[in-house]
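Each chain is listed here by its residues.
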Amino acid sequence: MNCWTTRLRRTAAGLVAGLAFGALAAAPALAETRLKMVLNWKYQGPQAMFFLAQDNGYFKAEGLDVTIDQGNGSGAAVPLVANGTYDVGFGDINALIELVAKKPEDAPIGVYMLFNQPPFTVAVKADGPLKTPQDLVGKTLGGAANDGALKLFPAFCKQARIDCTGITITNMQPSLREQMLMQGQVDGVFGYVNTIRFSAKLIGVDDDKIRYINYGDYGMDLYSNAIIVSAKLAKENPQAVKGLVRALNKGLKDMIKDPKAGVAAVQKREPLIKPQVELERLEATVRAEMNHPEIASIGLGAIDPARMKQAIDILVEANKLPTTPKVEQIFTPAFLPPLEDRLTKLF
């Protein structure tokens with residue numbers, strides 16, 4: 001082989017390599033996984049963790065493009081994920097238990113528990129005669145159709161040993177709940193304690209004007225809102241689910257560290273919020289709904305299987321559900337970050 005031929009072949013090889021490198025450089029980056037998420041409610045302080053995860057680039061770092069929509073009740077998020085409208089939801093795990101008991105083939109699954117203490121309540125006027133569950137018999141109670149406390153009321157009646165059939169239930173728009181209570185149009189309203197408390201504050205009603213008959217005081221030691229994902233997403237793209245949970249876990253840490261920055265992130269989406277009220281709502285939610293003693297040993301995001309089984313049994317018996325779901329049908333720890341990366345103390 002002469003020198004000319006050798007040089008020609010080297011030049012050709014270099015040209016091919018250069019073209020290949022150029023093609024790779026010009027190729028578009030791998031597309032981000034797009035996920036649609038629905039929240040439990042309108043944009044408020046306690047949802048700051050979601051927006052901080054978005055604003056601080058945690059979703060993007062995991063290769064995710066997440067769209068976050070406001071919700072219409074914790075119970076409503078579950079069917080929206082089940083029917084494929086959303087990939088991810090922040091919804092009531094008890095509504096998920098009921099769905100699994102009835103239609104396990106359609107059911108999403110919980111992957112990150114956030115509200116580990118029961119926030120469910122019937123709120124009444126503090127200066128009125130209603131003080132115990134027995135006092136509700138013969139009265140009229142109101143709530144939004146998708147409200148978690150309303151959906152759990154039959155179970156509450158059974159636990160508190162009162163006759164639900166003697167109580168009139170009326171549906172109302174969520175925005176009218178506190179107003180209708182204070183005006184005496186209903187005797188009590190369903191909801192989450194801190195949702196009612198701070199929504200009332202926004203219309204000028206002080207804390208001492210409302211009394212709460214809390215489900216947790218009557219044997220209903222239930223979990224509440226969790227991140228749930230569709231069965232399809234969990235099966236077909238487990239890495240996306242792991243990335244989502246990692247990102248939200250980081251957003252939660254940021255929210256706990258700097259609640260004011262969290263409220264500012266919410267205000268970017270909903271400029272009409274009152275930042276001080278939402279800051280108070282956020283801090284009260286962390287203390288009352290996310291701070292179960294169990295997190296010291298299992299970390300925020302996880303569940304106690306025995307406690308979850310007890311919750312399942314309460315709902316199945318009270319609501320006469322057709323089957324009893326297994327704990328692993330309701331929640332899986334498979335997508336959680338390691339314990340050392342999760343919070344075991346909130347303040």
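Owing to the predicted nature of the structure, the values given are computational and were not obtained by experimental measurement.

1. Considerations on the overall build of the protein chain
Regarding its fold elements, the protein chain presents 16 helices and 10 strands. Taken along its principal axes, the extent of the C-alpha atoms in the protein chain is 105 × 45 × 35 Å. Counting only residues that meet the buried cut, the protein chain has 48% of its 347 residues in that class. Contacts spanning at least 24 positions in sequence make up 80% of the contacts within the protein chain whose residues lie at least 6 apart. Of the accessible surface of the protein chain, which amounts to about 16,300 Å², a share of 53% is contributed by carbon and sulfur atoms. Taken as two groups, the 39 positive and 36 negative side-chain charges of the protein chain have centres that lie 6 Å from each other.

2. What about unusual backbone geometry?
Within the chain, R161 stands out as a residue other than glycine whose phi angle is a positive 60 degrees. In this structure, R161 sits in the loop between α7 (153–160) and β7 (168–171). For R161, a relative accessible area of 76% gives the class exposed. Phi is positive for K320, which is not a glycine, with a value near 50 degrees. Mapping K320 onto the fold places it in the loop between α15 (305–319) and α16 (327–330).

3. Looking at the state of the cysteines
One pass over the structure, following the stated rule, counts 1 disulfide. Here C157 connects covalently by a disulfide to C164, the sulfurs 1.9 Å from one another. Linking C157 and C164, the disulfide has an S-S dihedral of approximately 90 degrees and is accordingly described as right-handed.

Criteria and thresholds
Residues numbered from 1 in each chain as written. Predicted model: local features only at pLDDT ≥ 70, side-chain atom pairs only at ≥ 80, totals over all residues. Heavy atoms only, no water. Helix = DSSP H or I, 4+ residues; strand = E, 2+ residues; numbered from the N terminus. Buried < 20%, exposed > 50% of the residue type's maximum accessible area, 1.4 Å probe, protein only. Contact = heavy atoms within 4.5 Å. Areas by Shrake-Rupley, 256 points an atom, 1.4 Å probe, with all protein chains shown as cover. Lys, Arg positive; Asp, Glu negative; His and termini not counted. Charge placed at Lys NZ, Arg CZ, Asp CG, Glu CD. Disulfide = S-S within 2.5 Å.

The quantities given are spatial measurements derived from coordinates; they are silent on function.
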